[in-house]
Amino acid sequence: MKIKEPKLKKELSTDINYAIENSEFTDTYFEQVPLSEIRDITFDGCIFKKIDFTKIDLKDITITDCIFDNCDLSNKCFDKMFITRCEFINTKMVGTSFIEGTLKDVKFSLVKADYINFSSSKLNNILFEETNLSYSYFNESEMKNVYFDNANLTRSSAYKVIHNELDLSNSILDGIIIDASFLKDITISPFQAADLISLFGVNIRGGYGDN
């Protein structure tokens, strides 16, 4: 697993007023953002900690080399945005949308992301680690080097997904909604196999060697 980490300076500025006045959200450490709206901005090399973004309107932003730690990004719209070398840690992202977005070298760790939407997105070098993806949407997405480590994919939807091998063997797949093409080149546990096969109307009778 080779996911590039955010490129951050050893010492980040804490002068939030300067960043706001000059519209340069670069190499800055934020624990508060005294704004109700942020638009047409690139966040580059920043750390955001314990910020409730649900109270901030984000529009037309680009995110590069950033860490979001203990933040709330629920219901935020990142549709058609390019996000690279970023980490979302212990962050709430319920209903967050990345439709038609491009994500590269992004890590989601201990994230609550029920109903998150990656439909028609391009996901390259992505890690979902101990992340709740219940009722999530991956329909018509393109996945390359995407890793699910103890993820919860209960009732998630993954129709017409293009991927180059997925290991789902230690993730929860209860009620996952997929098509037959999704099954190609995936790795699952023996316990998951029966559940996935049953989605296509196949009944398993008895055990191995039974009459």
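Residues numbered from 1 in each chain as written. Predicted model: local features only at pLDDT ≥ 70, side-chain atom pairs only at ≥ 80, totals over all residues. Heavy atoms only, no water.

### As for the packing of aromatic side chains
Phase 1 of the analysis: Applying the stated criterion across every chain, the model contains 19 aromatic pairs.
Phase 2 of the analysis: Taking the centre distance of 5.0 Å and the plane angle of 75 degrees together, the rings of F25 and F43 count as edge-to-face. Of this pair, F25 sits in strand β1 (residues 25–26) while F43 sits in strand β4 (residues 42–44); the two residues are 18 residues apart in sequence, bridging distant segments of the chain.
Phase 3 of the analysis: Residue classification places F25 among the buried positions, given a relative accessible area of 3%.
Phase 4 of the analysis: Measuring from ring centre to ring centre gives 5.3 Å for F78 and F98, while their planes differ by 20 degrees; the resulting arrangement is stacked. (Phe/Tyr/Trp six-rings, centres within 6.5 Å; stacked < 30°, edge-to-face > 60°. Helix = DSSP H or I, 4+ residues; strand = E, 2+ residues; numbered from the N terminus. Buried < 20%, exposed > 50% of the residue type's maximum accessible area, 1.4 Å probe, protein only.)

### Structural notes on a nonpolar patch on the surface
Phase 1 of the analysis: Among the surface-exposed residues, Y115, Y135 and Y137 lie close enough to one another that they form a single nonpolar patch of about 300 Å² accessible area.
Phase 2 of the analysis: If you trace the backbone, Y135 turns up in the loop between β10 (122–129) and β11 (142–149).
Phase 3 of the analysis: Among the residues examined, Y135 registers a relative accessible area of 37% and is labelled partly exposed. (Patch = residues over 30% accessible without salt bridge, like charges linked within 9 Å, V, L, I, M, F, W, Y side chains within 5 Å. Areas by Shrake-Rupley, 256 points an atom, 1.4 Å probe, with all protein chains shown as cover. Salt bridge = Lys/Arg side-chain N within 4 Å of Asp/Glu carboxyl O.)

### Here's the deal with the nonpolar core
Phase 1 of the analysis: Counting 54 residues, the largest nonpolar core has F48, F108, F138 and F148 as the members making the most contacts within it.
Phase 2 of the analysis: Not counting residues within four places of it along the chain, the set of residues in contact with F148 comprises F128, L133, F138, M143, L153, L166, D167, L168, N170 and S171. (Core = buried A, V, L, I, M, F, W, Y, C linked by side-chain atoms within 4.5 Å. Contact = heavy atoms within 4.5 Å.)

### Section: a positive patch on the surface
Phase 1 of the analysis: A contiguous patch of positive charge on the surface is contributed by K4, K7, K104 and K144.
Phase 2 of the analysis: Structurally, the position occupied by K144 is in strand β11. (Lys, Arg positive; Asp, Glu negative; His and termini not counted. Charge placed at Lys NZ, Arg CZ, Asp CG, Glu CD.)

### Observations regarding empty space enclosed by the protein
Any empty space left between atoms is shown by rolling a water-sized probe over those atoms.
Phase 1 of the analysis: What the rule picks out here adds up to 1 cavity of 30 Å³ or more.
Phase 2 of the analysis: Volume-wise, the largest cavity comes out at about 60 Å³.
Phase 3 of the analysis: Looking at the largest cavity, the residues that line it are F138, M143, F148, L153, S156, S157, A158, L166, L168, I176 and F182.
Phase 4 of the analysis: Elements with a minimum of two residues in the lining of the largest cavity: β11 and β12 (157–158).
Phase 5 of the analysis: Counted by class, the lining of the largest cavity contains 9 nonpolar, 2 polar and no charged residues. (1 Å grid on protein atoms, 1.4 Å probe; cavity = no way out; pocket = protein on both sides within 12 Å on 5 of 7 lines; lining within 4 Å. Points joined across faces, edges and corners; volume = space filled by probe spheres on them. Nonpolar A, V, L, I, M, F, W, Y, C, P; charged D, E, K, R; others polar.)

### Re the confidence of the model for the protein
Phase 1 of the analysis: Counting all residues, the mean pLDDT for the protein is 90, and 92% of those residues have values of 70 or more.
Phase 2 of the analysis: When pLDDT is averaged over each helix and strand of the protein, the minimum, 73, is found for helix α2 (residues 190–198) and the maximum, 98, for strand β9 (residues 102–109). (pLDDT = per-residue confidence, 0-100.)

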